[in-house]
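# Analysis of the macromolecular model
Listed here are the chains, written in short residue letters.
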Amino acid sequence: MAMAIYKFLLLFLLFCQFGQKIISSDEQKTPTHTLQEAYDALGIKPNPDGSLTREIRIPMVNATPNIEPTSTTQIALSKDIPLNPFTKTFIRLYKPLNPKKNSKIPLIIYLHGGDFVLFSAKTVIFHEFCNQISAQFPAVVASVEYRLAPEHRLPAAFDDAMDAIIWARNQAVCVNGGDAWMKQLVDFSHVFLLGSSAGGNIVYHAALRALDLNLSPIKIRGLIMNQAYFGGVHRTESEIRLSEDAYVPLYVNDLLWSYALPKNANRDHVFCNPLMIGDLGKIRRLPRVLIKGDEGDPLVDREKLLAKFLKGNGVQVVSIFNGGGNHGIELSNTTAAQALYDAMKDFILSTIN
Ligand SMILES: *[C@@H]1O[C@H](CO)[C@@H](O)[C@H](O)[C@H]1NC(C)=O
């Protein structure tokens, strides 16, 4: 008897959970979806302790620290370096396979995408992206394995990005001897922060925080935000137009922000809405910024608003908004990827020359 009641209760609770609608915090009409649909779209399963079980839908790959004599496709080398033993973060460091002798190249600190909740520096699509930019720019790339939400809500990922920036600064003064690749190749006065999607958001916040630190002798010369992942309470036109987008639909974003933001924060929290910065004096001190977006991405209007906001506050902004496209287009379309590599390379060269 007790068992039957227990089973009934369990079923009832499950029904409540799965039948529950995600309620938009905006008065705008939004098509409603169940939480289960959002979990399925993301490939996640929430656990009773608040953590997630994540399906590995995109494989992860090991670093490739050695030259593989038989490989015809290898363009860069990579290795994993522990970053912070307490948070268990690491850096996957990349260098071009055949760097020019006696010439120093920029350091790109890279923050991968994944809505703050998914993926890793080891995920093959980001690993390949870093191989490409390291070889093409050329640059040393430090891809940050940062902590994910909801196990670690924001600002955990910002803290981890700061650890990476401070690591770079320590490399410049050879704390603990310094890493051989960094010592040999990096021009520490040419550091750039680059992030895609959620990584673009992390770049923005890390850059603002970095303004408070004396990072000498390193110099953060520019920020690159590729399809940066931002939000806000009030829906933008592109969010409404593309609410049923295949990559970042609104109902999935709503769930993701509920995981990423501090508990009880709404989407006008500054971690989500980049226009909510109180200290405009700080904004004015940001380095040069490249903002890239695509009209077919629901997030594009937020990126345009940010570009306008930064320009309005005296930041040097290069913005590129392409027609069509989709969120993460460079990860599946090699033409779009090459156009992005070229635009980023131009931005870096025009910043340092
Ligand atoms: C790939 O991207 C290019 C340039 O952005 C675009 O012209 C082309 O239509 C895209 N191809 C596909 C298959 O989506």
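Think of each chain on its own: its residues are numbered from 1, step by step along the sequence as written. Confidence filtering applies because this is a predicted model: local features only for residues at pLDDT of at least 70, side-chain atom pairs given and counted only at 80 or more, and all residues used for totals across whole chains, interfaces and linings.

Per an unreviewed UniProt entry, the chain goes by the name Probable carboxylesterase 8 and belongs to Olea europaea subsp. europaea. UniProt positions are given in the numbering used here, feature names are shortened, and annotations may be inferred rather than shown by experiment. In UniProt, the chain has this text filed under Sequence similarities (unreviewed entry): "Belongs to the 'GDXG' lipolytic enzyme family."

## Considering the UniProt feature "domain: Alpha/beta hydrolase fold-3" (unreviewed entry) in the chain
When the UniProt feature table is mapped onto this chain numbering, "domain: Alpha/beta hydrolase fold-3" (unreviewed entry) sits at residues 108-329. For the purposes of this entry, the term helix denotes a DSSP run of H or I that reaches at least four residues, the term strand denotes a run of E that reaches at least two, and both are numbered from the N terminus. Within residues 108-329, the helical portion is 37% and the strand portion 18%, while the C-alpha atoms at the span's ends are 21 Å from each other.

## Describing the site of the ligand
Residues in contact with the ligand, as listed here, are Gly325, Asn333, Thr335, Ala336 and Ala339. Here the shell around the ligand is composed, by residue class, of 2 nonpolar, 3 polar and no charged. Residues are classed as near a molecule or strand if the C-beta position derived from their backbone is within 6 Å of it. The classification used treats Ala, Val, Leu, Ile, Met, Phe, Trp, Tyr, Cys and Pro as nonpolar, Asp, Glu, Lys and Arg as charged, and all other residues, Gly among them, as polar.

## Describing helix H8 (residues 250-260)
With 10 of its 11 residues buried, H8 lies for the most part within the structure. Burial is judged by counting the other C-beta atoms within 10 Å of a residue's own C-beta: 20 or more makes it buried, 12 or fewer makes it exposed, and any count in between marks it as partly exposed, with every C-beta position built from the backbone. Residues of H8 that are buried include every one of Leu250, Tyr251, Val252, Asn253, Asp254, Leu255, Leu256, Trp257, Tyr259 and Ala260, and no others. We call two residues in contact if the C-beta atoms placed from their backbones are at most 7 Å apart. Lining the buried residues of H8 we find helix H2 (35-42) and helix H7 (237-241).

## Here we look at the sheet that holds strand E7 (residues 186-196)
One requirement defines pairing of two strands: DSSP has to find at least two bridges between them. One open sheet holds the 8 strands; their spatial order is E3-E4-E6-E5-E7-E8-E9-E10, and the pairing between them is mixed. The outermost strands of the open sheet, each flanked by one partner alone, are strand E3 (76-84) and strand E10 (317-322). The sheet shows a mean angle of 20 degrees between the axes of neighbouring strands, taken without regard to direction. Where strand E4 (residues 89-96) lies against strand E6 (residues 140-145), 5 bridges are found, and the strand directions are antiparallel. If you follow Phe90 over to E6, its bridge partner there is Glu145. Note on method: axes are straight lines fitted to C-alpha atoms, helices fitted across the in-contact stretch only, with angles between N-to-C directions ranging 0 to 180 degrees. Taken strand by strand, helix H10 (residues 300-312) contacts strand E9 (288-294) and E10, and its axis lies near 155 degrees from that of E9.

## Remarks on the nonpolar core
Put simply, a nonpolar core is buried Ala, Val, Leu, Ile, Met, Phe, Trp, Tyr and Cys residues tied into one set by C-beta atoms within 7 Å. Ile109, Val140, Ala142, Val144, Ala161, Ala168 and Val203 are the most contacted members of the largest nonpolar core, which has 85 residues in total. Setting aside anything within four residues of it in sequence, one finds Val144 in contact with Thr89, Ile91, Ile109, Tyr110, Leu111, Ala121, Asp160, Ala161 and Ala164.

## Re the confidence of the model for the chain
What pLDDT expresses is the predictor's confidence in each residue, scored from 0 to 100. Mean pLDDT over the chain works out to 92, with 91% of the residues at or above the 70 mark. Ranking the helices and strands of the chain by mean pLDDT puts E6 first, with 99, and helix H1 (residues 2-19) last, with 42. A low-confidence stretch, residues 1-25 stays under pLDDT 50, and its non-local contacts, those more than four residues away or across chains, total 21 contacts.

## As for the pairing of E4
Each regular strand displays side chains that alternate between the two surfaces of the sheet. Burial analysis of E4 places 8 of its 8 residues in the buried class, the great majority of the element. By the alternation rule, side chains of E4 split into Thr89, Ile91, Leu93 and Lys95 and Phe90, Arg92, Tyr94 and Pro96, which are all buried. Here E3 runs beside E4; their pairing, made up of 8 bridges, is antiparallel. Considered in E4, the bridge of Asn84 is made with Thr89. Linking E3 back to E4 in an antiparallel pair, the connection comprises 4 residues, with Lys88 at a positive phi of about 60 degrees.

## Notes on the packing of H2 against H8
Following both chains from N to C, one finds H2 and H8 inclined at 90 degrees, their axes separated by 9 Å at the closest point. It follows that H2 is roughly perpendicular to H8 by the angle criterion. Side by side, H2 and H8 meet where Leu35, Ala38, Ala41 and Leu42 of the first sit next to Tyr251, Val252 and Leu255 of the second. The residue inventory of the contact of H2 with H8, partitioned by class, reads 7 nonpolar, no polar and no charged. Roughly parallel refers to an angle under 35 degrees, roughly antiparallel to one over 145, roughly perpendicular to one between 65 and 115, and oblique to any angle outside these ranges.

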